[in-house]
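The chain contents come next:
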Amino acid sequence: MKLISLLLVIGSLLSMPVVADSSKTHTIEEVKADFQQLFLDLESSSYDLYAKTPKATFEHYFAEWSNTIEEPMTTLQAQKLFMRFTALANIAHTAIEFPIEALRDGLASGGKMVPLAIEIRLGRIFISDYYGPDERVAMADEIMTIDGIPAYTWLERLQVYVAADNTYLRDSLVAQQFAPLVWLLDPYQSTYELTMKSSSTGENYELSLKTLSYEAHTNGLATTSEPPSAPRTFKLIGSIGYLKPGPFYNIEPNAKDAWSNASFAAFIDEAFHYFRDQQVTDILIDLRDNPGGSSTFSDLMIAWFADQPFQFASSFIIKASEHSRQANAERLALSDQANGVSQQLDAFYQRTAMGTQANFPMEVIAPNPRDKSIAHLPIRVHALVDKTSFSNAVVVAAIIQDYQFGVVLGEETADLATTYASMEHFSLRNTGIRVGYPKALIVRPNGDQRLLGVR
């Protein structure tokens, strides 16, 4: 994540009311009880908690780390411990969210972060953004060591907090969250000693990297980065129609139902009508830096250029659990759709025994009628992806590729096309920490069960 994106997110967080007290102290008994709940509920609710990590490994670290809980812990301390435990699964959707409230509170009270963003390529770490006083630092300079330790080896202390299915995905997630993760590791360390390699001269130089306050970062935003683009946009670039669909969920201000797709449908219809009217030769769908969402949104877009019926996966197997049923019931109470996914899931949970896995019937989506379609026109479709394309954005790319609706461009996605996903959450009773888990195994449309990105 570029510094400007990170800082804009943090800026919005600083203005929000506090929803959790990261400094609240919990007794030894409360923390241990939550740790026990975490283990048991992950096991009972996840599609397969042990798909990549044996149960014996979880049991070993549960026993070992339980013995380290020898005194009361703050919510933040407990969250750091529990993040490490869930990350043992090596499944991206088995994860505890970053303690953003703690970061927000820390920055608001004068806390500091390292003033740089990174990119990780094959075990090497490069500067992708920098806002600090040292004029020697340039984009693409390589970080060779941190505090005297080889840089990627040092990075392992951040990786333990990040759940991921493979090294490529973990590196991508660590890079996106680098500054916050360094803060999480030690919010009090003020200086990091780096050995750098110049991208222009190839020579090494030493850098004392001092952490900076949020205000110090933002003072230089206008000169360090380009302003962010709108989350959803379309425009004409020559004879090419450029479409950035944005997240596949409702981003309308003060939206009560995150899965109401009416405004997204209107946006997509407007974009494709415009492209047709302008007689574009190609459409480029930009899925970079896209967090994903629901196929009930992306299907509306794909139906504009699909030339045959399609579905988002070849199989969608869900494990029924009480936490998943309850999470769906809460969404159902807010839904205004007569036969939406929440209603279908409610029926699924009513007929499926808790703790068992079953196929969830997927809707086959028909292409749009001719007056809302470009499939019959000589318009080529391209999807642009990279390692910051996540979740349903990867599903969209897989559909386009597997049904040959268009061509996928860019670097391989870090997130997977066949994946343990369809994430749900539960909260721990004492600390209130929110825990995410995948309730399903989703296999990409072409049936390839290898855990790979789209490329």
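Per chain, the residues get numbers from 1 upward, laid out in the order the sequence is written. Confidence filtering applies because this is a predicted model: local features only for residues at pLDDT of at least 70, side-chain atom pairs given and counted only at 80 or more, and all residues used for totals across whole chains, interfaces and linings. Excluded from the side-chain calculations are hydrogens and water; all other atoms, namely the structure's heavy atoms, are used.

Let's talk about the overall build of the chain
Phase 1: The helix and strand inventory of the chain stands at 15 helices and 20 strands.
Phase 2: The C-alpha extent of the chain, read off along each of the three principal axes, is 65 × 60 × 40 Å.
Phase 3: Each residue is placed in one exposure class: buried if its accessible area under a 1.4 Å probe, protein chains only, is under 20% of its type's maximum, exposed if it is over 50%, and partly exposed if it falls in between. Considering the chain as a whole, with its 455 residues, one finds that 51% of them fall into the buried category.
Phase 4: By the convention used here, residues are in contact when the closest approach between their heavy atoms is within 4.5 Å. Excluding contacts between residues fewer than 6 apart, the proportion of contacts in the chain whose partners are at least 24 apart in sequence is 74%.
Phase 5: The method behind every accessible area is Shrake-Rupley, applied with a 1.4 Å probe, and residues are considered shielded solely by the protein chains displayed. Carbon and sulfur atoms form 52% of the exposed surface of the chain, whose accessible area is close to 20600 Å².
Phase 6: One way to put it: in the chain the 36 positive side-chain charges average out to a point 2 Å from where the 53 negative ones average out. Each helix is a run of DSSP H or I of at least 4 residues and each strand a run of E of at least 2, with the numbering of both proceeding from the N terminus. When charges are counted, neither His nor the chain ends are considered; positive counts come from Lys and Arg and negative counts from Asp and Glu. Charge positions come from single atoms, namely NZ of Lys, CZ of Arg, CG of Asp or CD of Glu.

Overview of unusual backbone geometry
Phase 1: A positive phi angle is found at alanine 140, which is not glycine, with a value near 75 degrees.
Phase 2: Among the secondary structure elements, alanine 140 is positioned in the loop between strand S6 (124-130) and strand S7 (142-146).
Phase 3: Of the residues examined, alanine 140 reaches a relative accessible area of 38% and is grouped as partly exposed.
Phase 4: In the Ramachandran plot, aspartate 147 falls in the positive-phi region, its phi being about 50 degrees despite a non-glycine side chain.
Phase 5: Its location among the elements puts aspartate 147 in the loop between S7 and strand S8 (149-150).
Phase 6: With a relative accessible area of 33%, aspartate 147 lands in the partly exposed category.

As for the layout of surface pockets
Phase 1: Using only the protein atoms, space was sampled on a 1 Å grid; points where a 1.4 Å probe fits but cannot get out form cavities, open sets with protein on both sides within 12 Å along at least five of seven lines form pockets, and lining residues are those with an atom within 4 Å of a point. Grid points are joined across faces, edges and corners, and a volume is the space filled by probe spheres set on the points. For the second largest pocket, the calculated volume is near 380 Å³.
Phase 2: Taken together, 19 residues form the lining of the second largest pocket, with Leu76, Gly106, Trp183, Pro187 and Tyr188 sitting closest to its centre.
Phase 3: Of all the secondary-structure elements, those providing two or more residues to the lining of the second largest pocket are helix H4 (75-87), helix H5 (100-108) and helix H8 (178-185).
Phase 4: Each residue belonging to the lining of the second largest pocket can be placed in one class, and the counts come to six nonpolar, 10 polar and three charged. All residues other than Ala, Val, Leu, Ile, Met, Phe, Trp, Tyr, Cys, Pro, Asp, Glu, Lys and Arg, Gly among them, are scored as polar; the first ten of these are nonpolar and the last four charged.

With respect to the packing of aromatic side chains
Phase 1: Each aromatic pair joins two rings of Phe, Tyr and Trp (for Trp, the six-membered one) with centres within 6.5 Å, and gets the label stacked for planes under 30 degrees apart, edge-to-face for over 60, and tilted for any other angle. According to the stated counting rule, one finds 32 aromatic pairs in the structure shown.
Phase 2: Measuring from centroid to centroid gives 5.3 Å for phenylalanine 312 and phenylalanine 316, while their planes differ by 75 degrees, and the two rings are edge-to-face. The residues phenylalanine 312 and phenylalanine 316 share a single accessibility class, namely buried.
Phase 3: Only when the NZ of Lys or the CZ of Arg is both within 6 Å of the ring centre and within 35 degrees of the ring normal is a charge said to sit over the ring. Cation over ring: lysine 235 sits above tyrosine 242, and NZ or CZ is 5.4 Å from the ring centre.

Here we look at the environment of glycine 110
Phase 1: In this fold, glycine 110 is placed in the loop between H5 and strand S4 (112-113).
Phase 2: According to the relative accessible area criterion, glycine 110 is partly exposed, its value standing at 47%.
Phase 3: Considering only alpha carbons, one finds glycine 110 and serine 427, 317 residues apart in sequence, at a separation of 29 Å.

Overview of the pattern of salt bridges
Phase 1: In the sections that follow, a salt bridge refers to a side-chain nitrogen of Lys or Arg positioned within 4 Å of a carboxyl oxygen of Asp or Glu. For the structure on display, the rule yields 17 salt bridges.
Phase 2: For aspartate 165, the salt bridge is made with lysine 52, and the minimal N-O distance between the two is 3.0 Å. A residue pair is termed long-range when its members are at least 10 positions apart, and aspartate 165 in the loop between helix H6 (151-159) and helix H7 (167-176) and lysine 52 in the loop between helix H2 (28-45) and helix H3 (55-66) qualify at 113 residues.
Phase 3: A single salt-bridge network, built from bridges that share partners, covers Glu119, Arg121 and Lys387.

Focus: empty space enclosed by the protein
Phase 1: The final tally for this structure, using the stated rule, is three cavities of 30 Å³ or more.
Phase 2: Estimates place the volume of the largest cavity at around 60 Å³.
Phase 3: Every residue along the wall of the largest cavity is listed here: Val114, Leu116, Ile143, Ile146, Trp154, Phe178, Val182, Tyr192, Leu194 and Leu209.
Phase 4: If you list the elements that add at least two residues to the lining of the largest cavity, you get S7, H8 and strand S9 (191-197).
Phase 5: Taken together, the residues of the lining of the largest cavity break down into 10 nonpolar, no polar and no charged.

Side note on H6
Phase 1: For H6, the set of buried residues is Ala151, Trp154, Leu155, Leu158 and Gln159. Axial view of H6: buried residues confined to an arc of 165 degrees, hence all on one face. Taking the helix axis as origin, the arc is that swept by the directions to the C-beta atoms.

Concerning the pairing of strand S10 (residues 204-210)
Phase 1: Only one face of S10 is buried, namely the one carrying Tyr205, Leu207 and Leu209, since none of Asn204, Glu206, Ser208 and Lys210 on the opposite face is buried.
Phase 2: Pairing of S9 with S10, which is carried by seven bridges, proceeds in the antiparallel orientation. Across the sheet, residue methionine 196 finds its bridge partner in S10, namely tyrosine 205.
Phase 3: Here, strands pair whenever DSSP counts at least two bridges between them. Hairpin connection from S9 to S10: six residues lie between these consecutive antiparallel strands, with glycine 202 at a positive phi of about 80 degrees.

Quick look at the confidence of the model for the chain
Phase 1: Confidence of the predictor at the level of single residues is captured by pLDDT, which takes values from 0 to 100. Overall, the prediction assigns the chain a mean pLDDT of 92, with 92% of residues at 70 or greater.
Phase 2: Every residue in residues 12-19 is under pLDDT 50, and counting partners more than four places away or in other chains gives 12 contacts.

Considerations on helix H12 (residues 295-302)
Phase 1: The buried fraction of H12 amounts to six of the eight residues, a majority that puts the element mostly inside the structure.
Phase 2: Inspection of H12 places Ser295, Phe297, Ser298, Asp299, Met301 and Ile302 among the buried residues, and these make up the whole buried set.
Phase 3: Of the surrounding elements, those touching the buried residues of H12 are strand S13 (240-244), helix H11 (262-277), strand S14 (282-286) and helix H15 (392-402).

Some points on the packing of H11 against H12
For any two helices packed against each other, one specifies the inter-axial angle together with the distance between the axes.
Phase 1: Note on definitions: angles span 0 to 180 degrees between N-to-C directions of axes, and those axes are lines fitted to C-alpha atoms, for helices only across the stretch in contact. It is the contact of H11 with H12, at a shortest axis distance of 9 Å, that shows an interaxial angle of 20 degrees. In terms of axis orientation, H11 runs roughly parallel to H12. The crossing of H11 and H12 is right-handed. Every residue of H12 that contacts H11 at Phe264, Ala265, Ile268 and Phe272 is listed here: Phe297, Ser298, Leu300 and Met301. For classification, angles of less than 35 degrees are called roughly parallel, those exceeding 145 degrees roughly antiparallel, those between 65 and 115 degrees roughly perpendicular, and all remaining angles oblique. Each crossing is labelled by how the near helix is turned from the far one, with a counterclockwise turn of less than a right angle marking it left-handed and a clockwise turn marking it right-handed.

Considering the packing of H12 against H15
Phase 1: In the contact formed by H12 and H15, the axes pass within 10 Å of each other and the chain directions differ by 35 degrees. Classified by chirality, the crossing of H15 by H12 is right-handed. Along its contact with H12, which presents Ser295, Ser298, Met301 and Ile302, the element H15 presents Asn392, Val396 and Ile399.

Let's talk about the sheet that holds S14
Phase 1: Here we have five strands laid out as an open sheet, ordered S12-S13-S14-S17-S18, and mixed in their pairing. Either end of the sheet is taken by a strand with one partner, and the two such strands are strand S12 (233-237) and strand S18 (407-410). When strand polarity is set aside, the average angle formed by the axes of neighbouring strands in this sheet is 25 degrees.
Phase 2: As judged from the four bridges shared by S13 and S14, these two strands associate in the parallel manner. Directly across from tyrosine 242, in S14, lies its bridge partner leucine 284.

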